[in-house]
Amino acid sequence: MIMIDGPAELGGELAIQGAKNSTLPLLAAALLCKGQTVLHNCPNLSDVDTAVRILEHLGCRCRREGHDLTVDSGMNDCEIPEELMRGMRSSIVFLGAMIARCGRARLCSPGGCELGPRPIDLHLSSLRRLGVEIDESGGWLTCQAPEGVQGAYVSLSFPSVGATENLILAAVCGKGTTIIANAAREPEICDLAEYLNRCGGRVYGAGESCVIIDGVKELFGSEHRVMPDRIATVTYMAAAAVTGGNITLRDVDNAHILPMLSPFEEAGCEVRQLGGSLNIMAPRPLGAVKHIRTMPYPGFPTDAQPPVMAMAAVGQGTSVFVENIFESRYRHAEGLQRMGAKIKVEGKVAVIEGVERLTGASVEAADLRGGAALVVAGLAAQGRTLVGGTEYICRGYENLAGGLADLGARIREV
Ligand code: UD1
């Protein structure tokens, strides 16, 4: 559990971790590259540990020293066991890399997760367009590309992040050219493409809706610094906002934060972006965040919705949220309500009437970002808050409690 004695007022400086959502596809890319990959700024997270276990199972040797993770690529198995797949839904990103590396792959279907049903139909239909044969019987995906991965034109009906990454990983060593239309434009896709290109790949247009991949024969591992985690950044910004704090975050990519700035500005925060750091100064009282509509990048990210809802819970006035990406992404609302927040949820819409003060309570994280939202709310609440289910939080935040304690919060893991 995380125990918080609130309210806190945050101040000081903190360095932002490397991005979880970038590290996972980069580790899948490491499988594909011959020789050695060294990832710098690699966050210490349980999801990264799961990805490392998958790589080791498949035949890679992995070594971590602080925030450097070295992968010596090798492949002597093409199957991911069920318990590793179940541990992390995004393990599906290994599918494209496995097929590209050895022409076949077997893994169990990842199924749903705490955010609701998470279909992989786009991953599968687009891989089929690249000549991959996929059998979906018995809850397993048995995939093979007997003629190798064949370049093709693929148009995604929705710009899925995971499907775009899987396609890039499958096509980068394929035959001919692959064109992905309506590709996801998230910065993590650019980080993956940058790494692959450094290893000898030819991926063009990452960050745009149309990505073109000219297949190459082989890739050779190299070094790469994982991009900063934009969702961790916005979580600490929300923590500063709810506590009337003044904090500076270092190792930030300010361009990635732009789509998330408006609720902070609406709420009256002063945000200054300078080079690789960001300073946020929050007013007292905080204003409403007004209107949040989650969208694919460069829209407002669904992963930032829960911590910003904790802000809305104590912002003066009414805020309206519309969650357009995932079905079950308001599970943190219940915990916030236990702390005294006034939230009404109806389908994809949540209406929040800010209250003057939340009250500490025992609450349970139901998912990663929702758990972080409860911690943020606990910082603003009067009295003691206990947040259970911290195993979710450890999937994506490296020492969240420690980071907030460094900024002056009375918070610890118990
Ligand atoms: C990634 C992120 C996750 C983030 C999400 C949206 C990683 C490891 N995870 O997840 O943190 O919340 O992007 O920004 O990077 N969909 C389908 N069929 C598919 C694939 C997706 O219907 O085959 C739907 C999903 O159910 C969801 C939407 O598309 O409603 C977005 O999913 P997607 O962009 O694929 O998210 P992930 O890659 O799973």
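Further up the page is the structure itself.
Residues numbered from 1 in each chain as written. Predicted model: local features only at pLDDT ≥ 70, side-chain atom pairs only at ≥ 80, totals over all residues. Heavy atoms only, no water.

Draft legend 1. Structural context of the sheet that holds strand S16 (residues 270–274). Strands sit in the order S2-S15-S17-S16 across an open sheet of four strands; the sheet is mixed. Sheet topology places strand S2 (11–15) and S16 at the edges, where each strand pairs with a single neighbour. Neighbour to neighbour, the strand axes of the sheet diverge by 15° on average, direction disregarded. One ladder, built from five bridges, connects S16 with strand S17 (residues 277–281); its direction is antiparallel. Considered in S17, the bridge of Gln273 is made with Leu278. On the sheet, helix H8 (residues 230–242) packs against S2, strand S15 (246–250), S16 and S17 and is oriented at approximately 170° with respect to S15. (Pairing = 2+ DSSP bridges. Helix = DSSP H or I, 4+ residues; strand = E, 2+ residues; numbered from the N terminus. Axes fitted to C-alpha atoms, helices over the stretch in contact; angles between N-to-C directions. Contact = heavy atoms within 4.5 Å.)

Draft legend 2. Quick look at the site of the ligand. Lining the immediate surroundings of the ligand are 18 residues, of which Asp121, Leu122, Ser160, Asp303 and Ile325 lie closest. Taking Asp121, its side chain carries an N or O atom lying 2.7 Å from a nitrogen atom of the ligand. At 2.8 Å, a backbone N or O of Val161 approaches an oxygen atom of the ligand. When residues of the shell around the ligand are traced back to their parent elements, those giving at least two are helix H5 (121–129) and helix H6 (161–171). In terms of residue count, H5 provides more of the shell around the ligand than any other element does, three residues in total. Grouping the constituent residues of the shell around the ligand by class yields seven nonpolar, six polar and five charged. (Near = heavy atom within 4 Å. Polar contact = N/O pair within 3.5 Å; in protein donor to acceptor, adjacent residues only side chain to side chain. Nonpolar A, V, L, I, M, F, W, Y, C, P; charged D, E, K, R; others polar.)

Draft legend 3. Geometry of the pattern of salt bridges. The final tally for this structure, using the stated rule, is 14 salt bridges. Where Asp5 meets Arg384, a salt bridge forms, and the shortest distance between an N and an O atom there is 3.0 Å. Remark: Arg384 occurs in strand S23 (residues 383–388) and Asp5 occurs in strand S1 (residues 2–6); sequence separation between them is 379 residues. One salt bridge in this structure joins Lys34 and Glu218, with 2.9 Å as the shortest N-O distance. Highlighted residues: Lys34 in the loop between helix H1 (20–32) and strand S3 (36–40) and Glu218 in the loop between strand S13 (211–214) and strand S14 (223–225), separated in sequence by 184 residues. In this structure Glu218 comes out as partly exposed when scored by relative accessible area, which is 36%. (Salt bridge = Lys/Arg side-chain N within 4 Å of Asp/Glu carboxyl O. Buried < 20%, exposed > 50% of the residue type's maximum accessible area, 1.4 Å probe, protein only.)

Draft legend 4. The arrangement of the side chain of Glu323 in detail. Summarising the element assignment, Glu323 is placed in the loop between strand S19 (318–322) and helix H12 (332–338). Despite its burial, Glu323 pairs with no opposite charge, the nearest such side chain being Arg329 at 5.3 Å. A polar side-chain atom of Glu323 sits 3.2 Å from a polar atom in the side chain of Thr294. With residues up to four places along the chain from it excluded, the contact list for Glu323 reads Thr294, Thr302, Gln305, Arg329, Tyr330 and Lys348. (Lys, Arg positive; Asp, Glu negative; His and termini not counted.)

Draft legend 5. Summary view of the packing of aromatic side chains. Throughout the structure, instances matching the rule amount to zero aromatic pairs. The ring centre of Trp140 lies 4.3 Å from the NZ or CZ of Arg106, which sits over that ring. (Phe/Tyr/Trp six-rings, centres within 6.5 Å; stacked < 30°, edge-to-face > 60°. Lys NZ or Arg CZ within 6 Å of the ring centre and 35° of its normal.)

Draft legend 6. Local environment of the environment of Met260. Examined against the element boundaries, Met260 turns out to sit in the loop between helix H9 (254–257) and helix H10 (262–266). Along the backbone, Met260 and Val234 are 26 residues apart, and their C-alpha atoms lie at a distance of 7.5 Å.

Draft legend 7. Fine view of the state of the cysteines. For the coordinates displayed, the defined rule picks out zero disulfides. With no disulfide of its own, Cys143 has Cys102 as its nearest cysteine by sulfur position, at a separation of 11 Å. You can call Cys143 buried: its relative accessible area is 2%. (Disulfide = S-S within 2.5 Å.)

Draft legend 8. A look at the pairing of S3. Where S3 lies against strand S5 (residues 68–72), four bridges are found, and the strand directions are antiparallel. Within the sheet, the bridge partner assigned to Thr37 lies in S5 and is Val71. By the bridge criterion, three bridges tie S3 to S14 in an arrangement that is parallel. Bridge pairing in S14 links Val38 to Glu223.

Draft legend 9. Main features of the packing of helix H4 (residues 94–102) against H6. Following both chains from N to C, one finds H4 and H6 inclined at 10°, their axes separated by 7 Å at the closest point. One finds that H4 runs roughly parallel with respect to H6. On H6, the residues touching Leu95, Gly96, Ala97 and Ala100 of H4 are Asn166, Leu169 and Ala170. Here the residues of the contact of H4 with H6 sort into five nonpolar, two polar and no charged. (Parallel < 35°, antiparallel > 145°, perpendicular 65-115°, else oblique.)

Draft legend 10. Quick peek at helix H11 (residues 305–314). Taken across its 10 residues, H11 has 10 buried, putting it largely inside the fold. Those residues of H11 lying buried are Gln305, Pro306, Pro307, Val308, Met309, Ala310, Met311, Ala312, Ala313 and Val314.

Draft legend 11. Quick look at unusual backbone geometry. In this chain, Arg284 is followed by Pro285 through a cis amide linkage whose omega measures -5°. Relative to the helices and strands, Pro285 is located in the loop between S17 and strand S18 (291–293). Geometrically, the link from Tyr297 to Pro298 is a cis peptide bond, its omega value of 10° lying close to zero. We note that Asn41 has phi near 60°; this positive angle belongs to a residue other than glycine. Take Asn41: it is sitting in the loop between S3 and helix H2 (46–58). Look at Asp251: it is not a glycine, yet its phi comes out positive at around 55°.

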